[in-house]
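Architecture at a glance
Single-letter residue listing:
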Amino acid sequence: IYILAIESSCDDTSAAVLQNKKVLSNITATQQIHEEYGGVVPELASRAHQQNIVPVVHQALNKANIDKKLISAIAFTRGPGLMGSLLVGTSFAKSLALGLNVPLIEVNHMQAHILAHFIEGQGDGSPEFPFLAMTISGGHTQIVLVKDYFDMEILGETLDDAVGEAFDKSAKILGLPYPGGPLIDKYAKNGNPKAFPFPKPKVEGLNFSFSGLKTSILYFIQRETAKNPDFIEENLADICASIQSTIVGILMDKLKKAVKQTGIKRIAIGGGVSANSEIRNSLKAGERKWGWKTYIPKFEYCTDNAAMIGIVGYLKYEQNAFTDQAVSAKARYVLDDKG
Ligand code: ATP
Ligand code: FE
């Protein structure tokens with residue numbers, strides 16, 4: 001089975017070709033244009049998708065070295081995401097499926113961040129069911145009980161900002177360009193995580209909250225730079241390390257709670273923030289300390305990519321879960337939505 005997959009939910013245009021569970025190609029065009037605005041501008045994103053989608057799909061097919069006549073089905077991200085961005089991928093996928101006369105398969109982007117673990121060749125292998133998944137991305141922060149490929153239950157989620165937003169907004173306060181998450185990770189490597197203690201929020205159950213942290217970082221920076229205008233520059237590594245360890249601490253506390261609550265020690269993470277080095281290290285430490293088995297995606301399958309859409313396409317293909325041409329993009333598309 002060959003699946004051609006298309007992802008366009010936010011600001012990355014991506015196409016991939018999979019042969020069963022194996023990724024033959026995974027090409028992503030990242031949009032630089034949003035950097036100067038400090039966040040994704042939806043109107044610019046959809047225009048860039050329109051420019052990128054044809055070359056990206058071409059490259060994916062070329063790199064996979066297969067003729068498009070061999071494609072068994074087209075998988076695409078139906079949602080959640082930015083409507084204008086989703087529309088580009090959705091209409092392109094629909095027309096291509098029609099043109100090639102192959103089935104169409106719609107994919108939920110958040111399920112894909114989790115099911116990316118079933119791509120062949122993931123470093124930690126694929127988790128057995130049931131397992132806990134923590135999706136940590138630019139738009140979501142969820143702890144999910146995964147009972148089967150398409151049987152997932154959200155146990156907890158953020159009440160306000162997503163964890164990726166917490167990273168990006170903190171970075172913005174420090175004057176770093178968008179997306180700032182990877183930069184905080186980079187500077188934190190040379191810093192002392194205990195230099196500046198920030199308060200952790202108290203949130204019931206397995207839910208999260210990050211907006212209070214963002215505010216306390218803002219006030220802290222305003223206070224310190226009023227005293228010393230070079231405060232950020234002189235302490236960047238320590239500030240980044242302190243922010244990062246607070247955020248990762250919040251995530252780890254909730255994971256521990258979820259393990260205690262469910263008795264499940266198989267934990268998979270997904271979404272862009274899974275690229276963060278401290279969360280990766282903390283999870284591996286959890287294996288030694290608490291007997292967890294953790295599953296961390298390869299870097300290229302953490303942030304948005306079409307390979308993860310392709311693996312869901314393959315899993316749905318096996319179940320004959322095809323999508324009608326009447327399908328439309330769905331900006332709000334919850335993980336456990338069955339239709
Ligand atoms: P969603 O998947 O919820 O729709 P999204 O697709 O915009 O949101 P992803 O591409 O999955 O999000 O993740 C992007 C986020 O990951 C950004 O907020 C970015 O800062 C963050 N991120 C990427 N690498 C790192 C890192 N090393 N450390 C911290 N955050 C990171
Ligand atoms: Fe994503």
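Cut-off values and rules
Residues numbered from 1 in each chain as written. Chains lettered and ligands numbered in written order. Predicted model: local features only at pLDDT ≥ 70, side-chain atom pairs only at ≥ 80, totals over all residues. Helix = DSSP H or I, 4+ residues; strand = E, 2+ residues; numbered from the N terminus. Buried ≥ 20, exposed ≤ 12 C-beta atoms within 10 Å, placed from the backbone. Near = placed C-beta within 6 Å. Nonpolar A, V, L, I, M, F, W, Y, C, P; charged D, E, K, R; others polar. UniProt positions renumbered as here; feature names shortened; annotations may be inferred. Contact = placed C-beta atoms within 7 Å. Axes fitted to C-alpha atoms, helices over the stretch in contact; angles between N-to-C directions. Parallel < 35°, antiparallel > 145°, perpendicular 65-115°, else oblique. Core = buried A, V, L, I, M, F, W, Y, C linked by C-beta atoms within 7 Å.

This brings us to the overall build of the protein. Within the protein, the secondary structure is distributed over 9 helices and 10 strands. Considered along the principal axes of its C-alpha atoms, the protein spans approximately 65 × 45 × 30 Å. The 339 residues of the protein split such that 50% are buried.

In this section: the site of ligand 1. Every one of the 23 residues lining ligand 1 counts as a neighbour, but Gly-138, Gly-139, Gly-164, Gly-181 and Gly-272 are closest to it. For the shell around ligand 1, the secondary structure elements donating two or more residues are helix H3 (109-115), helix H4 (163-173) and helix H5 (181-188). Here the shell around ligand 1 is built from residues that sort into 6 nonpolar, 14 polar and 3 charged.

On the UniProt side, "binding site: substrate" (unreviewed entry) is annotated at positions that read Thr-135, Ile-136, Ser-137, Gly-138, Gly-139, Asp-168, Gly-181, Asp-185 and Asn-276 here. Structurally, Ser-137 can be placed in the loop between strand S6 (131-136) and strand S7 (141-148). Among the residues examined, Ser-137 registers 24 C-beta atoms within 10 Å and is labelled buried. Here Ser-137 is in contact with His-113, Ala-162, Gly-164, Gly-271, Gly-272 and Val-273, once residues within four sequence places are set aside. Residue placement: Asp-185 occurs in helix H5. When near neighbours in sequence (up to four residues on either side) are disregarded, Asp-185 contacts Gln-244, Asn-276 and Ser-277.

It is worth spelling out the packing of H4 against H5 at this point. For the pair H4 and H5, interaxial distance at closest approach is 8 Å and the crossing angle is 70°. Between H4 and H5, the angle is such that the two are roughly perpendicular. Residues Gly-164, Phe-167, Asp-168, Ser-170 and Ala-171 of H4 form the contact with H5, whose participating residues are Gly-181, Leu-183 and Ile-184.

Turning our attention to the UniProt feature "binding site: Fe cation" (unreviewed entry) in the protein. Here, UniProt's "binding site: Fe cation" (unreviewed entry) annotation points to His-109, His-113 and Asp-304. With the annotated positions falling across 196 residues, the maximum pairwise C-alpha distance of 8.8 Å places them together in a single cluster. Tracing the sequence through the fold places His-113 in helix H3. Filtering out sequence-adjacent residues up to four positions away, His-113 remains in contact with Thr-135, Ser-137, Gly-270, Gly-271 and Met-308. Considering the arrangement of structural elements, one finds Asp-304 in the loop between strand S10 (293-295) and helix H9 (307-318). Taking the C-beta count within 10 Å as the criterion, Asp-304 has 26 such neighbours and is therefore assigned buried. When near neighbours in sequence (up to four residues on either side) are disregarded, Asp-304 contacts Glu-7, Ser-9, Cys-10, Asp-12 and Ser-14.

The next subject is the nonpolar core. In this structure, Ala-5, Ala-15, Ile-74, Ala-75, Ala-307, Ile-309 and Ile-311 are the most contacted members of the largest nonpolar core, which totals 91 residues. Broken down by element, this core gets its largest block of residues, 10 residues, from helix H7 (residues 231-262). For Ile-309, the residues in contact, after removing those within four places along its chain, are Ala-5, Ile-6, Glu-7, Ala-75, Phe-76, Thr-77, Val-107 and Ala-112. In this structure, Cys-10, Ala-48, Leu-82 and Leu-86 belong to the second largest nonpolar core, which totals 6 residues.

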